[in-house]
Amino acid sequence: MGWSERQYSATEGGFTLLEVLVAGMLFVLVAALALDTLRISDTAVGFSAMHAAARNALSATVTQMREDAREAVAIEARSTSCGAALEFIERDAAGIEVRTYADRAGTIVRLVSSGTIDPCAQTIPARILLSGASGWRVAAIPASSLPAHSDPISGVPDDGFLATRPIADVAVDTLVRDANGVTIRGGNGIVEVQLAADPVTAVVDLLRGQRASGATEVLAYACGGRCALNASFPEARGRALVGCTPSTLFANTPQYVVPASFRSVSGANGVTQTVVTSYLVSGAYAFAFGGPDAFVAQRSWPVRVWPPNGATIADPYPVVYGEDALAALSFARIAADVGATTTFGAQLAACAAMNQESVYAN
Amino acid sequence: MQIDSYSDAEGGFTMLEVIVCVGLVVSATVIALGALPVLIRQSTRGIVRTAAVEVARNVLVRAEAAGTYLPPDADATATTRVQTTNNHTWAFVPAAAFSSAVSLARVWCGQTQITVNVTTTYDASTDLFRVNVAYPSDPCDATALSAQVTLAQRYAPALDPPGSSYVVPIADPQRQ
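Model, not experiment: these values are computed from the prediction. (Residues numbered from 1 in each chain as written. Chains lettered and ligands numbered in written order. Predicted model: local features only at pLDDT ≥ 70, side-chain atom pairs only at ≥ 80, totals over all residues. Heavy atoms only, no water.)

Asks: Is there a simple way to think about the overall build of chain B in this case?
Replies: Within chain B, the secondary structure is distributed over 2 helices and 5 strands. In chain B, buried positions account for 45% of the 176 residues. Long-range pairs, those at least 24 residues apart, make up 53% of the contacts in chain B between residues at least 6 apart in sequence. Surface accessibility of chain B: about 8,400 Å² in total, with carbon and sulfur atoms responsible for 57%. (Helix = DSSP H or I, 4+ residues; strand = E, 2+ residues; numbered from the N terminus. Buried < 20%, exposed > 50% of the residue type's maximum accessible area, 1.4 Å probe, protein only. Contact = heavy atoms within 4.5 Å. Areas by Shrake-Rupley, 256 points an atom, 1.4 Å probe, with all protein chains shown as cover.)

Right under this line is the structure:
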């Protein structure tokens, strides 16, 4: 049958078998396509709607966390019976407010209270932020650990932007105490929240606390024209110094100490005494100056015969004879014994005055 | 051969007309079906972008935490300490690159974890810390990191930790 032939009868009415078959096939084809389209469309629309709803809920939760973090004086990670809880501690003229986030069996809730509470208690009303969470982790990370921080999803280190210098952990007293009376501290650590939900696992890093400062300034004087140190320590002139610490060097070296001649004698009461015969004695000492221009001024006493006049006396010093060395009872005593009282005394006075800072007040 | 593909006085459609019509319907359906996954992917792109923004924000928060306080041992004297805290060179390196990851659930193409590349730059002259996250515009083609988001922040000067002490050189009173 060619195309030029009529496909239906004009005079007899009705359809031919071929027409009915073709029409039926076309109907089935179109109906199948339409149904499939509807099914896929429904799936796609549902998928998109689910994604959009979940994304909005997750995004709103994360946004709420960051807003609470901006107002918080401290953020705490706390263990509870229903897992980790995240606490934002707010403080204003009205008092203290604690905003707690917790996972109640897959539902992330937010509670507001005037103190630390148990967020797991179902009886406490809470605002539902997100349903269907499959994971919830809260971890406090000290600042000193940030240079070793890793991406919580991949585990790959992600600290490359930090300089290698160690980061100091700083705890800031928030003047807020928890239910147990423990002071809540803020600082420069972070709290990392990992919230596994549909359609994405959100990782939120929050700075734990406020920026409080409280450094002490230690004044360092630059020794000038009338500086009391000048006479005893000319090398201190023009230096910025903080504090002075005297010390002695009584090692038994030929340069400073001549070994003592000693012997033991029995006293009248039967007590054995160590007596020292006159010998040459000296010693070295030092004044260590701290500060930006720190330095050590080394001095030595002149060699003297001691005890004077070749006398034999009971050793007033705790002598370590095995090492042929002397350990001084005091600077002043040694200085007096070796006849260097004036010089050494002036040095000691200048050192002490510097520590007290009063010498600079003229 | 004469082709009489349309009806004349009797009306109705010819076979060719019907076939062409059905072909158009089928074509439109196929096109519509093909577009649906694209639309779904578009919705997923927004998710990846949001996650990429969070990755960038987290870097900014960690940078802020690290740069809040100048360590006591970083600079012991007040004069140079002031200069040191003029910017955050002591805390941030000029440029860094590392990777992060985004974990997705129920994505159309089954992709569960995609990698994003993070680069940071720090300009000491402007004290501006910038973080850039390159992420795939199509989460089903995670290898092509063709989209990116950039955030920047200028941090306040570093503080001295409470309880710390440092030296302030002052002139001899005679010189004041």
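Next comes the rest of the account.
Asks: So what exactly am I meant to see when it comes to the overall build of chain A here?
Replies: For chain A, the count of helices and strands is 4 helices and 21 strands. Taking all 362 residues of chain A together, 41% fall into the buried category. Here the analysis covers contacts within chain A between residues at least 6 apart in sequence; of these, 52% occur between residues at least 24 apart. When the accessible surface of chain A is totalled, it reaches about 17,900 Å², and 57% of it is carbon and sulfur.

Asks: Looking at this structure, I do not really get the pairing of strand β2 (residues 113-123) of chain B. What am I missing?
Replies: Each regular strand shows side chains that alternate between the opposite faces of the sheet. Residues and elements named next belong to chain B. Here β2 shows one buried face, formed by Ile114, Val116, Val118, Thr120 and Tyr122, and one open face, formed by Gln113, Thr115, Asn117, Thr119, Thr121 and Asp123. Two strands pair when backbone bridges link them, and strand β1 (residues 95-103) and β2 are joined in this way by 9 bridges, in the antiparallel orientation. Residue Ala96 lies in a different strand from β2, and its bridge partner there is Thr120. Here β2 pairs with strand β3 (residues 128-135) via 7 bridges, running antiparallel. In the strand pairing of β3, Thr119 is matched with Asn132. Two successive antiparallel strands, β2 and β3, enclose a turn made up of 4 residues, where Asp127 displays a positive phi of approximately 55°. (Pairing = 2+ DSSP bridges.)

Asks: Any chance you could explain the side chain of Thr85 of chain B here in plain terms?
Replies: Residue and element names in this part refer to chain B. As for its position among the elements, Thr85 is in the loop between α2 (78-84) and β1. According to the relative accessible area criterion, Thr85 is buried, its value standing at 14%. Those residues in contact with Thr85, other than ones at most four positions away along the chain, are Leu70, Pro157 and Ala158.

Asks: When you look at the packing of aromatic side chains in this model, what are you seeing that I'm missing?
Replies: Think of a pair of aromatic rings as described by two things: how far the centres are apart, and how the planes are tilted against each other in angle. All names here are of chain A. Under the criterion given, the structure shown has 10 aromatic pairs over all chains. Ring plane angle 65° and centroid distance 4.9 Å describe the contact between Phe233 and Phe287, whose orientation is recorded as edge-to-face. Linking Phe233 in the loop between α2 (229-232) and β12 (240-249) with Phe287 in strand β16 (residues 284-290), this pair joins segments that are 54 residues apart in sequence. Like Phe287, Phe233 is buried. Pairing Phe233 with Phe289 gives two aromatic rings, centres 5.1 Å apart and planes at 75°, and the pair type is edge-to-face. Of this pair, Phe233 sits in the loop between α2 and β12 while Phe289 sits in strand β16, and the two are 56 residues apart along the sequence. (Phe/Tyr/Trp six-rings, centres within 6.5 Å; stacked < 30°, edge-to-face > 60°.)

Asks: Just checking my understanding: could you explain the side chain of Thr100 of chain A for this structure?
Replies: Tracing the backbone through its elements, the reader meets Thr100 of chain A in strand β3 (residues 95-104). Judged by its relative accessible area of 0%, Thr100 of chain A is buried.

Asks: It is not clear to me how the pattern of salt bridges should be interpreted in this structure. Could you clarify?
Replies: Between side chains of opposite charge, pairing is possible as soon as their charged atoms come close. What the rule picks out here adds up to 13 salt bridges over all chains. For Arg62 of chain B, the salt bridge is made with Asp158 of chain A, and the minimal N-O distance between the two is 3.1 Å. With Arg62 of chain B in helix α1 (residues 15-67) and Asp158 of chain A in the loop between β6 (135-141) and β7 (171-177), the pair connects residues from two separate chains. Asp158 of chain A matches Arg62 of chain B in its accessibility class, with the two residues each being buried. In this structure, Arg62 of chain B engages Asp205 of chain A in a salt bridge whose closest nitrogen and oxygen atoms are separated by 2.9 Å. With Arg62 of chain B in helix α1 and Asp205 of chain A in strand β10 (residues 201-207), this pair bridges two chains. Asp205 of chain A matches Arg62 of chain B in its accessibility class, with the two residues each being buried. Several salt bridges converge on common partners, so that one network encompasses Asp68, Glu71, Glu90, Glu97, Arg99 and Arg110 of chain A. (Salt bridge = Lys/Arg side-chain N within 4 Å of Asp/Glu carboxyl O.)

Asks: Please clarify how the nonpolar core should be interpreted in this entry.
Replies: Side chains of a nonpolar character, in soluble globular proteins, are inclined to be buried together. Formed by 65 residues in total, the largest nonpolar core has its most connected members in Leu86, Phe88, Trp136 and Leu146 of chain A together with Phe129 and Val133 of chain B. Looking at this core, the element that brings in the most residues is α1 of chain B, giving 13 residues. In terms of nonpolar packing, the next biggest core, distinct from the first, is built from 14 residues, Leu229, Tyr285, Ala297 and Met354 of chain A among them. (Core = buried A, V, L, I, M, F, W, Y, C linked by side-chain atoms within 4.5 Å.)

Asks: Teacher, can you tell me more about the sheet that holds strand β2 (residues 83-92) of chain A here?
Replies: Each strand in a sheet pairs with another by means of backbone hydrogen bonds, the pair being arranged parallel or else antiparallel. Residues and elements named next belong to chain A. Strand order in the open sheet formed by 5 strands is β1-β2-β3-β4-β5, with antiparallel pairing between adjacent strands. Edge strands, defined here as strands with exactly one partner in the open sheet, are β1 (74-80) and β5 (127-130). If you compare each strand with its neighbour and ignore which way they point, the axes differ by 25° on average. (Axes fitted to C-alpha atoms, helices over the stretch in contact; angles between N-to-C directions.)

Shape descriptors only; they carry no functional weight alone.
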